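# Structural features, examined
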Amino acid sequence: MDVRSLDLGALELLVGVDDQGSLSAAARAAGTAQPNASRSIARLERQLGVSLIRRTTAGSTLTPQGTVLVHWARRITGSASEMLDVAAGMATDHTAELTIGASMTVAEHLLPRWLGTFRSRFPEVTVHLRVQNSSTVCVAVQNDACDIGFVEFPAIPSALCSSVVARDRLVPVVPPAHPWARRRKPVHAAELAGTPLLVREPGSGTRITLDDALASYSRADPILELGSSAAIRTSVAAGVGPAVLSTLAIRDDAASGAVRVVDVEGLDLSRKLRAVWRPPRELRGPAAELIRIARKDAGAGAFS
């Protein structure tokens, strides 16, 4: 069989059967009528000389041969999609612009590295960055003020598409002289909730994550509300009080001893960092490439 005769559409259907659980569901996802999908798969089976799908009255599932070959089909279709994205970026005219909205944590600690890689691939694209809290970023993307946004909370508006690009974790931090810094046992979630903290402003992804995690506990009023993690980090180091911040934001200060990280029990403060954009779901061009760069950076273990 000549590789030039491979039907990418049929390979996508094969991957769809593996993902969706049936040929009919795969056809719907691909926007193809089921009779056409059946003919495409049958033609692919004849070309390859193996049976790929087991057809029963209950539906269609992959055969053992199909289970093996779908791995390669997934790689082929994935590479083809990446090629189209890169080509779309190369075809962008020299006056192209990309406006990015980013939450404070992402903008300060992740985006500079992502944009460095992006600029090396798309030097002709003029990038505009707007640093705002997560809620404001979502509004800006919805209102077409930004092409793409990066936010820190899970409550993505239904009008936007989203994709997880990275993960981080919030941790309690205290001044070195704080009593919690000398404790051997973790602080319990109820004790953390009942302690006045330095916090971010409402609408911040860090604030929303913390408020959601402590929603079932009685909360003390905050010591101060500050507009950036850097301001809170500096205030903690100066002895103003404890706070809960991203591991990304306190990594250097924790390593130097300027602040101390405190263990907390009974609380999950891990979170997903997401890219958001307006429909359609399938994003192409430079914006899609930026998301791919972010995911690859996270996969390479560039941060914890």
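Every value quoted in this text rests on a predicted model; they were computed, and no experiment measured them. (Residues numbered from 1 in each chain as written. Predicted model: local features only at pLDDT ≥ 70, side-chain atom pairs only at ≥ 80, totals over all residues. Heavy atoms only, no water.)

## As for a nonpolar patch on the surface
On the surface, a nonpolar cluster with roughly 370 Å² of combined accessible area is contributed by L8, V68, W72 and I76. Per element, the largest residue contribution to the nonpolar patch is three residues, and it comes from helix α4 (residues 64-90). The topology assignment puts I76 in helix α4. (Patch = residues over 30% accessible without salt bridge, like charges linked within 9 Å, V, L, I, M, F, W, Y side chains within 5 Å. Areas by Shrake-Rupley, 256 points an atom, 1.4 Å probe, with all protein chains shown as cover. Salt bridge = Lys/Arg side-chain N within 4 Å of Asp/Glu carboxyl O. Helix = DSSP H or I, 4+ residues; strand = E, 2+ residues; numbered from the N terminus.)

## Considerations on the packing of helix α1 (residues 8-20) against helix α3 (residues 34-48)
Packing of α1 against α3 leaves a shortest axis separation of 9 Å and a crossing angle of 105 degrees. Considered as vectors, α1 and α3 are oriented roughly perpendicular to each other. Listed contacts from α3 to A10, L11, L13 and L14 of α1 are A37, S40, I41 and L44. Classifying every residue of the contact of α1 with α3 by side-chain character gives seven nonpolar, one polar and no charged. (Axes fitted to C-alpha atoms, helices over the stretch in contact; angles between N-to-C directions. Parallel < 35°, antiparallel > 145°, perpendicular 65-115°, else oblique. Contact = heavy atoms within 4.5 Å. Nonpolar A, V, L, I, M, F, W, Y, C, P; charged D, E, K, R; others polar.)

## Looking at the pairing of strand β5 (residues 148-151)
Burial along β5 is two-sided: I148 and F150 facing one way and G149 and V151 facing the other are all buried. Where strand β3 (residues 97-102) lies against β5, three bridges are found, and the strand directions are parallel. Looking across to β5, one finds that A102 is bridged to F150. Pairing geometry for β5 and strand β13 (residues 270-277), over three bridges, is antiparallel. When the sheet's bridge partners are listed, V151 is paired in β13 with R274. (Buried < 20%, exposed > 50% of the residue type's maximum accessible area, 1.4 Å probe, protein only. Pairing = 2+ DSSP bridges.)

## Examining the environment of H178
Assignment of secondary structure puts H178 in the loop between β6 (161-174) and β7 (187-188). Sequence separation between H178 and G21 is 157 residues, and the spatial gap between their C-alpha atoms is 55 Å. A distance of 3.0 Å separates the side chain of H178 from the backbone nitrogen of W180, its partner in a polar contact. (Polar contact = N/O pair within 3.5 Å; in protein donor to acceptor, adjacent residues only side chain to side chain.)

## So, the confidence of the model for the protein
When pLDDT is averaged along the protein, the result is 88, and 93% of the positions lie at 70 or above. Considering only residues more than four positions removed or in separate chains, one finds that residues 300-304, a stretch of pLDDT under 50, has 14 contacts. (pLDDT = per-residue confidence, 0-100.)

## Re helix α2 (residues 23-30)
Within the sequence span of α2, burial applies to L23, A25, A26 and A27. Looking at the packing, one finds that the buried side of α2 touches α1, α3, β1 (53-56) and β2 (59-62). At the exit of α2 stands G31, carrying a positive phi of roughly 70 degrees.

## Observations concerning the pattern of salt bridges
Tallying each qualifying case throughout the model produces 16 salt bridges. The salt bridge partner of E152 is R271, with a shortest N-O separation of 2.8 Å. Highlighted residues: E152 in the loop between β5 and β6 and R271 in strand β13, separated in sequence by 119 residues. When sorted by exposure, E152 lands in the same class as R271, which is buried. R292 is the salt-bridge partner of E289, the closest N and O atoms lying 2.9 Å from each other. With E289 and R292 both in helix α12 (residues 285-299) and three residues apart, this pair spans about one turn of that helix. Its relative accessible area of 24% is what places R292 among the partly exposed residues.

## Some remarks on α3
The end-to-end C-alpha distance of α3, which contains 15 residues, comes to 21 Å, matching closely the 21 Å that a straight helix rising 1.5 Å per residue would cover. All buried positions along α3 are accounted for by A37, S40, I41, L44 and E45. Along α3, the residues classed as buried sweep out an arc of 135 degrees about the axis, all on the same side. The secondary structure elements touched by the buried residues of α3 are α1, α2 and β1. Where α3 terminates, the next one or two residues include G49, which has phi positive at roughly 80 degrees. (Expected span 1.5 Å × (residues − 1). Arc of directions from axis to C-beta.)

## Things to note about the packing of aromatic side chains
Any two aromatic rings considered together are summarised by their centre-to-centre distance and by the angle between their planes. Within the structure shown, the criterion is met by two aromatic pairs. Ring centres of W114 and F150 lie 5.3 Å apart, and the angle between their planes is 55 degrees; this geometry places the pair in the tilted category. Residue W114 is located in helix α6 (residues 111-121), and its partner F150 is located in strand β5; the two are separated by 36 residues in the primary sequence. Take W114 and F150: they sit in the same class, and that class is buried. (Phe/Tyr/Trp six-rings, centres within 6.5 Å; stacked < 30°, edge-to-face > 60°.)

## Here's the deal with the side chain of T195
Tracing the backbone through its elements, the reader meets T195 in the loop between α8 (189-193) and β8 (198-200). At a separation of 2.7 Å, a polar atom in the side chain of T195 contacts the main-chain carbonyl oxygen of E191. If we ignore the near neighbours within four places in the chain, the residues touching T195 are W180, A220 and P242.

## Thoughts on the nonpolar core
Core analysis: the biggest nonpolar cluster contains 27 residues, and W114 and F150 have the highest contact counts within it. Looking at this core, the elements with two or more residues in it are β3, α5 (104-109), α6, β5, β6, β13 and α12. Considering every element that reaches this core, the biggest residue donor is α12, with five residues. In this view, F150 contacts I100, G101, A102, S103, V106, L111, W114, V137, V165, R274, A275 and L290; residues no more than four positions away in its chain are not counted. One finds L14, V15, L44 and V70 within the second-largest nonpolar core, a separate group that totals 17 residues. (Core = buried A, V, L, I, M, F, W, Y, C linked by side-chain atoms within 4.5 Å.)

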